[in-house]
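# Fold and contact review
This is what each chain is made of:
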Amino acid sequence: MVEWSPTLAKGQLQGDLLPTLCFGAIELDRSRFQLRCNGEAYPIQRRVFDTLCYLALHRDRLVTKDELVAGPWEGAAVSDGALSRVIREARLAVGDDLTVPKMIITIRGKGFRFLPEVVAVPSPENSSQAATTEPEPAAPYARTIAEFKSRPINGNIFAGRRVEFAELNSAY
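Here is a short report on the structure shown in this document. (Residues numbered from 1 in each chain as written. Predicted model: local features only at pLDDT ≥ 70, side-chain atom pairs only at ≥ 80, totals over all residues. Heavy atoms only, no water.)

## Examining helix α2 (residues 46-57)
For the record, the criterion: Only runs of H or I of at least four residues qualify as helices and only runs of E of at least two qualify as strands under DSSP, and these elements are numbered from the N terminus. Any helix carries an expected span of 1.5 Å times its number of residues minus one. Per-residue accessibility, obtained with a 1.4 Å probe over protein chains only, is compared with the maximum for each type, and a residue is labelled buried under 20%, exposed over 50%, and partly exposed between these values.
Here α2 contains 12 residues, and its C-alpha end-to-end distance of 16 Å stays within 8% of the 16 Å for a straight helix at 1.5 Å per residue. In terms of burial, α2 is largely enclosed, as 10 of its 12 residues are buried. Regarding α2, the residues found buried are Val-48, Phe-49, Asp-50, Thr-51, Leu-52, Cys-53, Tyr-54, Leu-55, Ala-56 and Leu-57.

Here is the structure:
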């Protein structure tokens with residue numbers, strides 16, 4: 001398994017392209033810095049992408065907050081709120097359920113676990129033989145980003161903002 005480093009986050013490994021991390025219908029293309037779902041690319045913030053890659057690369061164990069700060073956050077000062085926001089956005093990016101997560105789980109006071117099986121697929125440009133195997137089919141709990149984005153938004157996800165949400169909803 002390839003270990004994490006800031007250079008890996010930027011998609012460089014001694015001039016070679018990095019393998020794409022696949023789980024279900026989701027692909028984390030580390031060479032192109034892209035998150036794809038069913039082949040369609042979706043925009044994602046760098047910290048969210050790096051955090052997803054780090055969790056996927058270390059799926060076999062618990063990842064602590066300190067380890068995330070030292071890895072993808074490159075030692076930056078990180079508040080608990082900022083880390084929670086990035087984990088929330090990572091869950092949204094992969095279509096995980098925010099109320100009962102099944103892909104990225106929080107172990108309170110300890111850290112995070114990434115549960116899906118991850119397959120590293122070589123980039124076609126990096127290999128003389130393009131990957132002929134398709135990523136494993138989506139797990140039953142994995143939602144696609146398109147499905148998640150098509151869900152109607154309700155006031156339950158905006159804690160303490162029911163009045164504002166109602167105003168916005170009535171404006172459209």
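## Remarks on the nonpolar core
This is how it is decided: Among buried residues, the Ala, Val, Leu, Ile, Met, Phe, Trp, Tyr and Cys ones that are joined through side-chain atoms within 4.5 Å form a nonpolar core. Between two residues, a contact is recorded if the distance between any of their heavy atoms is within 4.5 Å.
If you look at the biggest cluster of nonpolar residues, it comprises 32 residues, and the most contacted ones within it are Leu-28, Leu-35 and Leu-52. Mapped by element, the contributors of at least two residues to this core are β1 (20-23), β2 (26-29), β3 (34-37), α2, α3 (65-70), α4 (80-93) and β7 (111-114). When residues of this core are assigned to their parent elements, the largest contribution, eight residues, is made by α2. Contacts of Leu-28, omitting those with residues within four sequence positions, involve Pro-19, Thr-20, Leu-21, Phe-23, Gln-34, Leu-35, Phe-49, Leu-52, Cys-53 and Ala-56.

## Considering the pattern of salt bridges
Oppositely charged side chains are able to pair whenever their charged atoms sit close together. The condition is simple: Salt bridges, as used here, are contacts in which a Lys or Arg side-chain nitrogen is within 4 Å of a carboxyl oxygen on Asp or Glu.
Summed over all chains, the structure comprises nine salt bridges. Notably, a salt bridge pairs Arg-36 with Glu-27, separated by 2.7 Å at the nearest N-O pair. For Arg-36, a relative accessible area of 13% translates into the label buried. By relative accessible area, which is 17% here, Glu-27 ends up buried. The partner of Glu-117 in a salt bridge is Arg-59, with the nearest N and O atoms 3.5 Å apart. With Glu-117 in the loop between β7 and β8 (119-121) and Arg-59 in the loop between α2 and β5 (63-64), this pair connects stretches of sequence that are 58 residues apart. Using a relative accessible area of 47% as the deciding quantity, one classes Glu-117 as partly exposed. Connected through salt bridges with shared partners, the residues Glu-27, Asp-29, Arg-32 and Arg-36 form a single ionic network.

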